Amino acid sequence: MKFLTAKKFPTPKEYLRACLAVAAAAALAGAVSAPVWAGGSSFGDDDEEADEGPAYFGFVRDTSGNSIPDAKVTVGIKNRGGVVTRSDALGTYRVPGFGKDVDTKEVDVSCEKEGYKQLKTFRRTPANAANVPIVETECTLQKG
Amino acid sequence: MRTFWLVAGSVLLFASPGAAQSPTPTLAGQVSAADAGALEGVLVSAQRDGSPITVTVVSGVNGAFAFPPGKLAAGHYALRIRATGYELDGPQSVDVADGRPAQVDLKLHKTSDLAAQLTNTEWFMSFPGTAEQKRALIECMSCHTLERIARSKHDADAFMPVLKRMTGYANNTIQAKVQRRPADVDFPEDRARKVAEYLSTINLSKGDTWPYKLQTLPRPSGAATHVVITEYDLPRKTIAPHDVRTDANGFVWYSNFVENELGRLDPRTGAHKEFAYPVLKPGFPTGSLALEPDGAGNLWLAMMFQAGLAKFDVKTETFQLFPVQKELNNDSTQESLLTPSHWQVDGKVWTNDVRKQSVLRLDVASGKYELINPFTLTGRGKQHSPYGMVSDTANNLYFMDFGDENVGRVDAKTGAPTIYPTPTPRSRPRRTMMDAQGRVWFAEFAADKVGMFDPKVEKFSEWDVPTPHTYPYDVFLDRTGQLWSGNMSSDRVLRLDPANGKSVEYLLPRPTNIRRIFVDDSTDPVTFWAGNNHGAEIIKLELLP
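Conventions adopted
- Residues numbered from 1 in each chain as written.
- Chains lettered and ligands numbered in written order.
- Predicted model: local features only at pLDDT ≥ 70, side-chain atom pairs only at ≥ 80, totals over all residues.
- Heavy atoms only, no water.
- pLDDT = per-residue confidence, 0-100.
- Helix = DSSP H or I, 4+ residues; strand = E, 2+ residues; numbered from the N terminus.
- Contact = heavy atoms within 4.5 Å.
- Core = buried A, V, L, I, M, F, W, Y, C linked by side-chain atoms within 4.5 Å.
- Buried < 20%, exposed > 50% of the residue type's maximum accessible area, 1.4 Å probe, protein only.
- Axes fitted to C-alpha atoms, helices over the stretch in contact; angles between N-to-C directions.
- Parallel < 35°, antiparallel > 145°, perpendicular 65-115°, else oblique.
- Left-handed = near helix turned anticlockwise from the far one by under 90°.
- Nonpolar A, V, L, I, M, F, W, Y, C, P; charged D, E, K, R; others polar.
- Salt bridge = Lys/Arg side-chain N within 4 Å of Asp/Glu carboxyl O.

Q: Teacher, can you tell me more about the confidence of the model for chain A here?
A: Note that predicted coordinates carrying low pLDDT should not be read in detail. All names here are of chain A. In this model, chain A carries an average pLDDT of 72, and 65% of its residues clear a pLDDT of 70 or more. Mean pLDDT values over the elements of chain A span from 38, in helix α1 (residues 12–29), up to 94, in strand β1 (residues 55–62). Low pLDDT, under 50, characterises residues 1–41; the predicted model gives this stretch 97 contacts beyond four residues in sequence or across chains.

Shown next, in the form of structure tokens:
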């Protein structure tokens, strides 16, 4: 038995390669194939990442800069829902990208852990940066 | 009166001295093989002439087996065994008479056709190739065994039209009833070619024998032999029991995956009854997948390509059908799962539309469905599939994203989705159940794991299943805290203790394609139920002390 660990996450290079591959395939096929299943993917799972915006990545730390594992991290969009994950043993979290139509400025990253309160989130990736593969955010929690 | 009862009691005690301590089995014996002596873990099955019921026990150490009292009535029984690598020499049948225990010693001999005895899991173990190559084959098990592929002689070119043809079959297809998919689906030629090439390396296209050694799983031993399994044959091969569950009156209900019938079995007598519901879309595949009860004891069916839900009133034995309205209904509309368990809270039943990769919500009063795509926020190129569903007491939905790796929640009041990625990537969570504490248990089909999500703390736990390539389909946490699981590949039922991860796998008597499982918590010990989706039978599994 184990608790939540980091989810697979493409490096920027992998991400771009996947994008290019999918774009090429989509251009050839004219469409991205839809699943067939009750059911399963047709002939192996192709993790297509078409139309995906930047992924969200970052650290959860305390005020002394120590990493905080197993903190709840919510990457959400106001009133539209979001993705909830937990920081890993190194205090990092990773969430794959939302759709391209989601403006990264509307995406809010917050963190929680029992015994702590959220002090601040600092977005390392500038909000106006265009076509970035990753939005990096640091979330700081304070004891008490 | 008091005196009478005392006397009656003492007479009973005298009449059967020691009966409670050492019950006399109605049929017992020993299993052995010339090459190996006494064999533990051999399944011995007995079926009375003309009866649809087969009872199976497993030999223990020294090859001894015994049917518990009350399991066999007097009569002439055909005998069958299951022990990978062996066949039954004899005797092939035995007479069981009232009051006298029958004794039969079974002799086995080595089989000359081991391949005919392999489970899908054992084929997966035997096939050479990468995990990625094998992954493509897990969909094949929906309709047929892997033995079918292994025995074929197609080369890669010959496989291409076969694969194309198979993408044209509906999910609710079994060998006894093939149904065509009403809407065309894409056939990704390049990916299919890779699969075809791989298949041609694991079949008999290059010779009369397989170019690899056939691997087998060990026979049951120890705790895995302390079990009695009862199989109820259903009267037609075209009955494909998908979801199975018992009710408070002791009846077993099941959905038929390929026909518009709801089935009911009385396990006490073997009596079987079917309740037909009308065709909503003529020419489209028939049959339903999920069968779930609501709070009032009505049974609901997800009608697959018939596009809608059916509610069956158990008291009046009548159906009420809820077809998906025109605006949302097209040739690929497919409702496979649903959760009506708390619909009385807000008048809504959750279901899905597979092709739209979306959740649907039925307003029972108006009969109208509302489309909710919980993945509007995520990359559209990704494949998602809201599949296994449960709802909490406020009718908030928890669903398994079978296409990917998420547990999703849709808020009953706001409709807002929250996505929780499972710790294991590409886990493809499949069916699910909610326990009394509100925890969500689920099978991770593509990860060979079972999982639990606790909504209270928003945390996951995961456990490896003991045998790789079993592809868990469903789980059920019983009242004693034991987690059961069934699958389409190993012919084994898993019982796992989440407290320590220890588990026992119970081998079933026949090739068994299990979908939804159910554990009846009202018996002591609990009783496990499942259907054999490809074998037209209902299976009951009881633990022996």
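Q: Can you walk me through the nonpolar core in this structure?
A: Across soluble globular proteins, nonpolar side chains show a tendency to be buried alongside one another. Ranked by size, the top nonpolar core spans 85 residues in total, and within it Val75(A), Phe98(A), Trp123(B), Phe127(B), Leu137(B), Leu199(B) and Trp300(B) carry the most contacts. Here the element with the most residues in this core is helix α6 (residues 189–202) of chain B; it accounts for six residues. Counting 44 residues, the second largest nonpolar core, distinct from the first, contains Leu483(B), Ile514(B), Ala530(B) and Ile538(B).

Q: Just checking my understanding: could you explain the packing of helix α5 (residues 156–167) of chain B against α6(B) for this structure?
A: Pairs of packed helices are described in terms of their axes, by the angle between the two and the distance that separates them. Residues and elements named next belong to chain B. Close contact between α5 and α6 brings their axes to 8 Å; oriented N to C, the two are set at 125°. Judged by the inter-axis angle, α5 sits oblique to α6. Seen along the crossing, α5 lies across α6 with a hand that is right-handed. Between α5 and α6, the contacting residues are Ala-156, Asp-157, Phe-159, Met-160 and Leu-163 on the first element and Glu-189, Ala-192, Arg-193, Val-195, Ala-196, Glu-197, Leu-199 and Ser-200 on the second. Tallied by class, the residues present in the contact of α5 with α6 amount to eight nonpolar, one polar and four charged.

Q: Would you take a moment to explain the pattern of salt bridges for this structure?
A: Pairing of side chains with opposite charge becomes possible as their charged atoms draw close. All names here are of chain B. One pass over the full model with this rule turns up 37 salt bridges over all chains. Between Glu-317 and Lys-273 there is a salt bridge whose closest N-O contact spans 3.6 Å. With Glu-317 in the loop between β17 (308–313) and β18 (318–323) and Lys-273 in strand β14 (residues 271–276), this residue pair connects regions lying 44 residues apart in the sequence. Looking at Lys-273, the relative accessible area reads 36%, which means it is partly exposed. In this structure, Lys-449 engages Glu-462 in a salt bridge whose closest nitrogen and oxygen atoms are separated by 3.9 Å. Of this pair, Lys-449 sits in strand β29 (residues 449–454) while Glu-462 sits in strand β30 (residues 459–464), and the two are 13 residues apart along the sequence. Residue class for Glu-462 comes out buried when judged on its relative accessible area of 3%.

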